[in-house]
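One-letter residues, chain by chain:
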Amino acid sequence: MIESKQNPPLLHDYTQLLQQSRDSVDHAKQRVDYEHELEECDLPLVDLGGLWSVNEEERVSCASEICKASAEWGFFQIVNHGISLELLRRMRKMQVELFKEPFEKKVASGLLDNSYRWGNQTATCPKQLSWCEAFHVPLTKISDETCYGEFSSLREVMQEYASAMQELAKSIARVLVMNMGVQRSMWEDNCNESTCFMRLNRYPSCPVSPEVFGLVPHTDSDFLTILHQDEHVGGLQLMKDSKWVAVKPNPEALVVNIGDLFQAWSNDVYKSVEHKVIVNREVERHSIAYFLCPSYESFIGCCEEESSIYRRFTFGEYRRQIQQDVKVYGHKVGLPRFIVSN
């Protein structure tokens, strides 16, 4: 099968990994079940308009819904979030046009701070391959004209989108922090334009689905993530009550999920939940994720230090441990590495 000039060489990578993998037979058996349709779930839906209401009761009720969903699901959807649908549509249109460029151009042009990536270069078997391509962009580079090349029209909408997501993420994080009885936390000072990221994702149609993931099962390594998922094509799945459930797309809503850092900081009150993306045989899928991250030097402590489940660590230390685990084991180990020994 000839791959499109637009697509990265994912089929080539898959074929090589399949040939090299010693457990390819076992892998095929494991992947058969993913052909079955999972029941689509409706995530908790929070009307964020209540957060800015002049009515104190409505503000308290909205904050309570956010914290309850963060503790019980680790995921929730938000509507009336203050980001216009017109801006979301403009950003999506620009994203689709960007990914239409030939693969060789996306690799070689240095677009968006040379942030283009695809697949999983450390994969050793098909089940570790992510069938996707992405631009993982530091917010510090979004205003830099030299990052855009011939895509200069993308700069304005990227700046507007990133700024809106930054304010929205901080508003939600503030609620989660205050719920733990803390008025200020280090994220207020250390999570800003110099530390956060945006990731533009494209999941090409996949002729070998369901033998590979769009994005392998993982938790996010930040405080929280805001996802603008595909309005029509599903694929996001998350772990709930020890089983995978599919998230039903909602064109009117954004998806929020808790990251590892908030789970550690809250002493496991908020849950960083494992999730993955399943690819479609027939159609491609797009999404945009905003990651609220601290500086690499920031210490992640617990709001309840005397009974902390996790030892203190810096975000840089956490990221380095993840990279090392991926090289050694082929996957992220995450927070269990930082549990305080009895």
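About the criteria used
- Residues numbered from 1 in each chain as written.
- Predicted model: local features only at pLDDT ≥ 70, side-chain atom pairs only at ≥ 80, totals over all residues.
- Heavy atoms only, no water.
- Axes fitted to C-alpha atoms, helices over the stretch in contact; angles between N-to-C directions.
- Helix = DSSP H or I, 4+ residues; strand = E, 2+ residues; numbered from the N terminus.
- Parallel < 35°, antiparallel > 145°, perpendicular 65-115°, else oblique.
- Contact = heavy atoms within 4.5 Å.
- Nonpolar A, V, L, I, M, F, W, Y, C, P; charged D, E, K, R; others polar.
- Pairing = 2+ DSSP bridges.
- Buried < 20%, exposed > 50% of the residue type's maximum accessible area, 1.4 Å probe, protein only.

**Quick look at the packing of helix H3 (residues 56–72) against helix H7 (residues 153–179)**
Here's step 1: Running from N to C, H3 and H7 cross one another at 80°; their axes reach a closest spacing of 10 Å. With respect to their mutual orientation, H3 and H7 come out roughly perpendicular. Every residue of H7 that contacts H3 at Ala63, Ile66, Cys67 and Ser70 is listed here: Ile172, Val175, Leu176 and Asn179.
Here's step 2: For the contact of H3 with H7, the residue count by class is 6 nonpolar, 2 polar and no charged.

**Re the sheet that holds strand S9 (residues 236–240)**
Here's step 1: As summarised here, the arrangement of the 5 strands in space is S1-S10-S9-S12-S7, forming an open sheet in which the pairing is mixed. Whereas interior strands pair on both sides, the edge strands pair on one side only; in this sheet they are strand S1 (40–41) and strand S7 (215–218).
Here's step 2: Pairing of S9 with strand S10 (residues 243–247) involves 4 bridges; the strand directions are antiparallel. Considered in S10, the bridge of Lys240 is made with Lys243.

**Some details on the sheet that holds strand S11 (residues 254–258)**
Here's step 1: A sheet is described by the order of its strands in space; here 8 strands give the open sequence S2-S3-S11-S8-S13-S6-S5-S4, paired in mixed fashion. Each having just a single partner strand, strand S2 (45–47) and strand S4 (116–118) make up the two edges of the open sheet. Ignoring strand direction, the axes of neighbouring strands in this sheet form an average angle of 25°.
Here's step 2: For strand S6 (residues 197–203) and strand S13 (residues 285–292), the ladder comprises 7 bridges, and the chain directions are antiparallel. When the bridges of S13 are listed, Met198 appears paired with Tyr290.

**Quick look at the pairing of S10**
Here's step 1: Among the 5 residues in S10, 4 count as buried, and that is most of the element.
Here's step 2: Taken together, the 2 bridges between S1 and S10 define a ladder with parallel strand orientation. Opposite Glu40, over in S10, you have Ala246 as the bridge partner.
Here's step 3: Hairpin remark: S9 followed by S10, antiparallel, with 2 residues in the connecting loop; positive phi at Asp241, about 55°.

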